[in-house]
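What follows is each chain in one-letter form.
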Amino acid sequence: MRVGASSAPKNLAGLLVAVIKERGKVELQTIGAASQNQAIKAIAIGRGLVAPNGRDLICSPSFMDIDVNGEERTGIRLVVEFRPE
């Protein structure tokens, strides 16, 4: 999922938890500080959503190259999944 600077962290958190429950993990892609900030806030909110069930999330960040309108940009990929029990 691509995260933008205007992405709502609460909505994104609910979506990422739903995708993780369905698929086991989710990949968030961000370009720029503002979108990275929204993604990190969503992950933090997501941790709070799964905590009452005794679960936790882990996040593995990495760099990625992405084509934006014919221009190559460097972004950050955040793979989020449940912490193994």
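See the structure printed just above.
Since the structure is predicted, the reported quantities are computational estimates derived from the model, not experimental observations. (Residues numbered from 1 in each chain as written. Predicted model: local features only at pLDDT ≥ 70, side-chain atom pairs only at ≥ 80, totals over all residues. Heavy atoms only, no water.)

A.B. asks: Give a detailed account of a negative patch on the surface, specifying residues and quantitative values.
C.D. replies: On the surface, Asp65, Asp67, Glu71 and Glu72 cluster together into a negatively charged patch. Elements supplying a minimum of two residues to the negative patch: strand S3 (57–68) and strand S4 (71–82). For Glu71, the position within the fold is in strand S4. A residue is classified by how much of its surface remains accessible, and Glu71, at 49% relative accessible area, is partly exposed. (Patch = residues over 30% accessible without salt bridge, like charges linked within 9 Å, V, L, I, M, F, W, Y side chains within 5 Å. Areas by Shrake-Rupley, 256 points an atom, 1.4 Å probe, with all protein chains shown as cover. Salt bridge = Lys/Arg side-chain N within 4 Å of Asp/Glu carboxyl O. Lys, Arg positive; Asp, Glu negative; His and termini not counted. Charge placed at Lys NZ, Arg CZ, Asp CG, Glu CD. Helix = DSSP H or I, 4+ residues; strand = E, 2+ residues; numbered from the N terminus. Buried < 20%, exposed > 50% of the residue type's maximum accessible area, 1.4 Å probe, protein only.)

A.B. asks: Outline the pairing of S4, listing residues and values.
C.D. replies: One ladder, built from 6 bridges, connects strand S2 (residues 25–30) with S4; its direction is antiparallel. Looking at S4, one finds that Glu27 is bridged to Val79. As defined by bridge partners, S3 adjoins S4 across 12 bridges and the pair is classed as antiparallel. Across the sheet, Ser60 pairs through a bridge with Val79, a residue of S4. Count of turn residues in the S3/S4 antiparallel hairpin: 2 residues, of which Asn69 carries a positive phi of about 55°. (Pairing = 2+ DSSP bridges.)

A.B. asks: Before we move on, could you go through the environment of Asn11 and cite the residues and values that matter?
C.D. replies: Here Asn11 shows up in helix H1 (residues 9–23). The class for Asn11 is exposed, based on a relative accessible area of 60%. When the C-alpha positions of Asn11 and Ala42 are compared, they lie 7.9 Å apart, and in sequence the two are 31 residues distant.

A.B. asks: How would you explain the sheet that holds S3 if you had to name every residue and give the values?
C.D. replies: As summarised here, the arrangement of the 4 strands in space is S1-S2-S4-S3, forming an open sheet in which the pairing is mixed. Looking at the sheet topology across the chains shown, the edges are occupied by strand S1 (2–3) and S3. Running at roughly 140° to S2, H1 makes contact with S1, S2, S3 and S4 of the sheet. (Contact = heavy atoms within 4.5 Å. Axes fitted to C-alpha atoms, helices over the stretch in contact; angles between N-to-C directions.)

A.B. asks: Could you give an account of the packing of H1 against helix H2 (residues 33–50), naming the residues involved and the relevant values?
C.D. replies: Contact geometry for H1 and H2: axes closest at 8 Å, N-to-C directions at 60°. Our classification of the angle between H1 and H2 gives oblique. Here the hand of the crossing between H1 and H2 comes out right-handed. Residues Pro9, Lys10, Leu12, Ala13, Gly14, Leu16 and Val17 of H1 touch H2, and the partners they reach there are Gln38, Ala39, Lys41, Ala42, Ile43, Ile45, Gly46, Leu49 and Val50. (Parallel < 35°, antiparallel > 145°, perpendicular 65-115°, else oblique. Left-handed = near helix turned anticlockwise from the far one by under 90°.)

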